[in-house]
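Read off the chains here:
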Amino acid sequence: QTQLFGVLLAAASNFLVSVSLNIQKCAHLQLVCQAEQKPYYRSKLWWCGITLLGLGEVGNFTAYGFAPITLVAPLGCVSVIGSAFISVFFLKKTMRTADILGGTLTITGIYLLVTFAPNVPQELTARQVQNYLVSWPFLVYSVLEILIFCILLYFYKRKAVKHIVVLLMMVALLASLTVIAVKAVSSMIALSVKGKMQLTNSVFYIMSVLMATSCAFQIKFLNQAMHLYEATAVVPVNFVFFTTSAIISGVIFYREFQSATLLSVFMFLFGCLLSFLGVIVIARNKKEEHLQIPFIDCGHIPGQKLTDKIQPDSHCSCYGTLNKEDDLVKRQS
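Residues numbered from 1 in each chain as written. Predicted model: local features only at pLDDT ≥ 70, side-chain atom pairs only at ≥ 80, totals over all residues. Heavy atoms only, no water.

1. Here we look at the overall build of the chain
Link 1 in the chain: Of regular secondary structure, the chain possesses 12 helices and 0 strands.
Link 2 in the chain: Going from the N terminus to the C terminus, the chain shows its helices and strands as α-α-α-α-α-α-α-α-α-α-α-α.
Link 3 in the chain: A total of 333 residues make up the chain; the buried ones form 43% of that total.
Link 4 in the chain: If you take every contact in the chain between residues at least 6 apart in sequence, the share linking residues at least 24 apart comes to 77%.
Link 5 in the chain: Carbon together with sulfur atoms contributes 67% to the accessible area of the chain, which is approximately 18900 Å² in total. (Helix = DSSP H or I, 4+ residues; strand = E, 2+ residues; numbered from the N terminus. Buried < 20%, exposed > 50% of the residue type's maximum accessible area, 1.4 Å probe, protein only. Contact = heavy atoms within 4.5 Å. Areas by Shrake-Rupley, 256 points an atom, 1.4 Å probe, with all protein chains shown as cover.)

2. Things to note about the pattern of salt bridges
Link 1 in the chain: Applying the stated criterion across every chain yields a total of 1 salt bridge.
Link 2 in the chain: The salt bridge partner of R96 is D99, with a shortest N-O separation of 3.0 Å.
Link 3 in the chain: Judged by relative accessible area, R96 falls into the partly exposed class, the value being 23%. (Salt bridge = Lys/Arg side-chain N within 4 Å of Asp/Glu carboxyl O.)

3. Considerations on the packing of helix α1 (residues 2-33) against helix α2 (residues 44-63)
Link 1 in the chain: Packing of α1 against α2 brings their axes to within 7 Å, and their N-to-C directions diverge by 160 degrees. Considering their axes alone, α1 and α2 lie roughly antiparallel with respect to each other. As α1 packs across α2, the resulting crossing turns out to be left-handed.
Link 2 in the chain: Here the contact of α1 with α2 is composed, by residue class, of 15 nonpolar, 12 polar and 1 charged. (Axes fitted to C-alpha atoms, helices over the stretch in contact; angles between N-to-C directions. Parallel < 35°, antiparallel > 145°, perpendicular 65-115°, else oblique. Left-handed = near helix turned anticlockwise from the far one by under 90°. Nonpolar A, V, L, I, M, F, W, Y, C, P; charged D, E, K, R; others polar.)

4. Looking at the state of the cysteines
Link 1 in the chain: On inspection of all chains with the given rule, the structure shows 0 disulfides.
Link 2 in the chain: Free of any disulfide, C77 has its nearest neighbouring cysteine sulfur in C272, separated by 9.0 Å. (Disulfide = S-S within 2.5 Å.)

5. Comments concerning the environment of L168
Link 1 in the chain: Relative to the helices and strands, L168 is located in helix α8 (residues 164-193).
Link 2 in the chain: Judged by relative accessible area, which is 0%, L168 ranks as buried.
Link 3 in the chain: Spatially, the C-alpha atom of L168 lies 5.9 Å from that of N238, the residues being 70 residues apart in sequence.
Link 4 in the chain: L168 has contacts with L222, A225, V234, V237, N238 and F241, leaving out every residue within four places of it along the chain.

6. Digging into unusual backbone geometry
Link 1 in the chain: With a phi angle near 55 degrees, A160 is a residue other than glycine that sits in the positive phi range.
Link 2 in the chain: Position of A160 relative to the elements: it lies in the loop between α7 (136-157) and α8.
Link 3 in the chain: We note that R255 has phi near 50 degrees; this positive angle belongs to a residue other than glycine.
Link 4 in the chain: Mapped onto the secondary structure, R255 falls in the loop between α10 (231-253) and α11 (262-283).
Link 5 in the chain: Looking at R255, the relative accessible area reads 32%, which means it is partly exposed.

7. Re the packing of helix α5 (residues 97-116) against α11
Link 1 in the chain: Their axes nearest at 7 Å, the elements α5 and α11 cross at an angle of 160 degrees. One finds that α5 runs roughly antiparallel with respect to α11. The handedness of the crossing between α5 and α11 is left-handed.
Link 2 in the chain: Residue classes in the contact of α5 with α11 are distributed as 16 nonpolar, 9 polar and 1 charged.

Below you can see the structure in the form of structure tokens.
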């Protein structure tokens, strides 16, 4: 029942995140269409989206305390398919065949994930987290991860290689540490709320610092990828890399598949593959929308709309189209 609660909480939180993102985009579109421009942070609709985003992220954080990493991380695909279908209602987009196919694949994958996910005890004490930190599988994994990250960072800094795979691989390596720390912190807080105090142990603060630091650098590289590449390319690649690294870290650090059968492992991985394919199909060939910004603000010109453009006249050296009479008066004066 505890694991089921974590699954439902993660799914609901990711759906809430998708709703919040669409509300924020809707708020930006409304602000552009207004005659009097004002900052987005003065929009009540935008703040509504930010509030829902905060609630969704808090829900995701809490879900790690009740369900395994290998189950919570892949449920991030709920936000992708939720955003695709909600945008049809919020932003009046057209439902594509790819959205229906991708949504079907993703929902099938989610069903397999939930059905064949490992059933492991989720009450992690500070002592257990300490033992996991000094275990040899995690130490070997940490050394390999640090080595790969340093190689990628060398190409990123010294060779100026900013390929999407390089950037999102660094994000995924940092994300594996983030989810390990998030689960540890969330579990210790949950146990403390139940009366088993864990917050006095130093490992709680070590994991909190690790969570904040890795998350900050993860956001830095992810923003760099979003700046250089379109979201339709970043979202599916980041989801695949993030989910893969989260599953690997959950298997190695928390040993979540230690007692699983071979069939359960195979069906779980097959569910992950279907989810990956669903997200890729939804994002494939999805065009980026750019807001139409006029060259000159026409909001206060009679007979002109805010989004009308004044183009240069091919028969005149002046910028904009002027009447012949106005042009003659101007030259005479």
